[in-house]
Amino acid sequence: QAKQSEKGSVRLFTPTMEAEYLGRLRLEAELGVAFQRNEIFVVYQPIVDVATGAIVSAEALVRWQHPTRGLLSAGAFVPSAEASDIIDELGEYVLRTTCLQMVASGTRLPVAVNLSPRQLRSGRFVSILQRILSDTGLAPELLALEVTESVFMGTGTHLLDQLAAIRAMGVRVVLDDFGTGYSSLTYLRGFDVDGIKIDASFTRDLPHSRKVAAIIRTIGRLASDMNIYVVAEGVETEEQLHWLRGNGIAFAQGFLLGRPDGRLLDGEARTGTTTRRW
Ligand code: C2E
Ligand code: MG
Ligand code: MG
Ligand code: MG
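Residues numbered from 1 in each chain as written. Chains lettered and ligands numbered in written order. Predicted model: local features only at pLDDT ≥ 70, side-chain atom pairs only at ≥ 80, totals over all residues. Heavy atoms only, no water.

## Quick look at the pairing of strand β2 (residues 55-66)
Alright, step 1. Counting buried residues in β2 gives 11 out of 12 residues, a clear majority hidden from the surface.
Alright, step 2. As paired strands, strand β1 (residues 40-49) and β2 are joined by 9 bridges and run antiparallel to one another. Paired with I47 across the two strands is S57, which belongs to β2.
Alright, step 3. Here β1 hands over to β2 after 5 residues, with G53 in that stretch at a positive phi of 80 degrees.
Alright, step 4. Strand direction decides the pairing type here: β2 and strand β4 (residues 111-114), joined by 3 bridges, are parallel. Across the sheet, residue A58 finds its bridge partner in β4, namely V111.
Alright, step 5. Two successive antiparallel strands, β2 and strand β3 (residues 70-72), enclose a turn made up of 3 residues. (Buried < 20%, exposed > 50% of the residue type's maximum accessible area, 1.4 Å probe, protein only. Helix = DSSP H or I, 4+ residues; strand = E, 2+ residues; numbered from the N terminus. Pairing = 2+ DSSP bridges.)

Here it is, written out as structure tokens:
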């Protein structure tokens, strides 16, 4: 095949593209049956008040108990799903499952679900969300949707209108992986969000990098001036947590504070403290 192309024949796919394409087709087929076989499930990672240690929220993260590849983290299949329409089905499944489990557990803590920009493309997401909330009876105030900055790189107002409609329902919108996009401040100016999550790639360099320390401190100030909340992601060490506590970052998430797992408990039940709502 490679020889053919050297001779000048027209090739639509390089071998890599071909492999990716076949991989995607297989993933779509596999994911389709995975839902029916209950191989897809949701785990929850706590988000903690840095000052008190109380759990104030959680993030829902999707997992796939794959029949041959074992337990897959979101990072191992969500990007491929996002390259195809299967992300709509996956996203809806995660959202519905999370809302059902929240209602069943009786939690009064808000839970955040990741929303792929792709899910906003069909223009049907807002009605899907409405439907899920009314089917499950979950209070919209208990739900947050995490979007990455790439959501703003799409076709502009169409996406922003949907995000505004979501907020108008009382569901929070949070900017995920903050600081990794091309123009983070422009997004903050152009759209109202309820919170921002500082990407783990920044947290990783705490407390030793003075540059990163300055950036995170500034993001914290920015958030507090804008009256939105801020979460540091990827907190793995006591040193990082200590630094965040001393530098005005209210909330944190990371392996130090809790790994994602299947339990979704009420923070009050779990910590025995009164939790502050955000
Ligand atoms: P994210 O939303 O930024 O989620 C945080 C990721 O960091 C999760 O990986 C989590 O397990 C991991 N993590 C948490 N604490 C630590 C830590 O202290 N150290 C390190 N090294 N990692 C930590 P996961 O579950 O593999 O998810 C990866 C990404 O996949 C997520 O990044 C999110 O963008 C996406 N994702 C996850 N679940 C869903 C979903 O249901 N729908 C969509 N559309 N995307 C999802
Ligand atoms: Mg997230
Ligand atoms: Mg993130
Ligand atoms: Mg991320």
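## Let's talk about the packing of helix α3 (residues 74-82) against helix α4 (residues 86-105)
Alright, step 1. Axis separation between α3 and α4 bottoms out at 7 Å; the angle between their running directions is 130 degrees. It follows that α3 is oblique to α4 by the angle criterion. Residues F77, V78, A81 and E82 of α3 lie in contact with α4, whose contacting residues are I86, I87 and L90.
Alright, step 2. Classifying every residue of the contact of α3 with α4 by side-chain character gives 6 nonpolar, no polar and 1 charged. (Axes fitted to C-alpha atoms, helices over the stretch in contact; angles between N-to-C directions. Parallel < 35°, antiparallel > 145°, perpendicular 65-115°, else oblique. Contact = heavy atoms within 4.5 Å. Nonpolar A, V, L, I, M, F, W, Y, C, P; charged D, E, K, R; others polar.)

## Examining the layout of surface pockets
Sizing a probe to match a water molecule and rolling it over the atoms shows the empty space that remains.
Alright, step 1. Taken as a whole, the largest pocket holds about 930 Å³ of empty space.
Alright, step 2. Lining the largest pocket are 38 residues, with E59, L61, A74, N114 and D176 positioned closest to its centre.
Alright, step 3. Among the elements of the structure, β2, α3, α4, β5 (143-148) and β6 (172-178) are those that each provide at least two residues to the lining of the largest pocket.
Alright, step 4. When the residues that make up the lining of the largest pocket are grouped by side-chain class, the tally is 15 nonpolar, 12 polar and 11 charged.
Alright, step 5. As a volume, the second largest pocket reaches approximately 150 Å³.
Alright, step 6. The wall of the second largest pocket is formed by E20, G23, R24, R26, L27, E30, R69, A76, F77, S80 and A83.
Alright, step 7. Of all the secondary structure elements, the ones that give two or more residues to the lining of the second largest pocket are α2 (15-36) and α3.
Alright, step 8. For the lining of the second largest pocket, the element with the highest residue contribution is α2, accounting for 6 residues.
Alright, step 9. Looking at the lining of the second largest pocket, its residues break down into 4 nonpolar, 2 polar and 5 charged. (1 Å grid on protein atoms, 1.4 Å probe; cavity = no way out; pocket = protein on both sides within 12 Å on 5 of 7 lines; lining within 4 Å. Points joined across faces, edges and corners; volume = space filled by probe spheres on them.)

## Points about the pairing of β6
Side chains on a regular strand alternate between the two faces of the sheet.
Alright, step 1. Counting buried positions along β6 yields 6 of 7 residues, so the element is predominantly enclosed.
Alright, step 2. Here β5 pairs with β6 via 5 bridges, running parallel. If you follow V147 over to β6, its bridge partner there is L175.
Alright, step 3. Where β6 lies against strand β7 (residues 195-198), 3 bridges are found, and the strand directions are parallel. Following the sheet pairing, F178 is matched in β7 by I198.

## Regarding the packing of aromatic side chains
Alright, step 1. If you walk through the whole model with that rule in mind, you get 3 aromatic pairs.
Alright, step 2. Aromatic pair F35 and Y93: ring centres 5.0 Å apart, planes at 50 degrees, arrangement tilted. Of this pair, F35 sits in helix α2 while Y93 sits in helix α4; the two residues are 58 residues apart in sequence, bridging distant segments of the chain.
Alright, step 3. Judged by its relative accessible area of 9%, F35 falls in the buried class.
Alright, step 4. You can call Y93 partly exposed: its relative accessible area is 23%.
Alright, step 5. Lying over the aromatic face of F255, R259 brings its terminal NZ or CZ to 3.9 Å of the ring centre. (Phe/Tyr/Trp six-rings, centres within 6.5 Å; stacked < 30°, edge-to-face > 60°. Lys NZ or Arg CZ within 6 Å of the ring centre and 35° of its normal.)

## Digging into the side chain of E233
Alright, step 1. Turning to its location among the elements, E233 is positioned in the loop between β8 (229-232) and α10 (238-246).
Alright, step 2. No salt bridge is formed by the buried E233, whose closest oppositely charged neighbour, K197, lies at an N-O distance of 4.2 Å. (Lys, Arg positive; Asp, Glu negative; His and termini not counted. Salt bridge = Lys/Arg side-chain N within 4 Å of Asp/Glu carboxyl O.)

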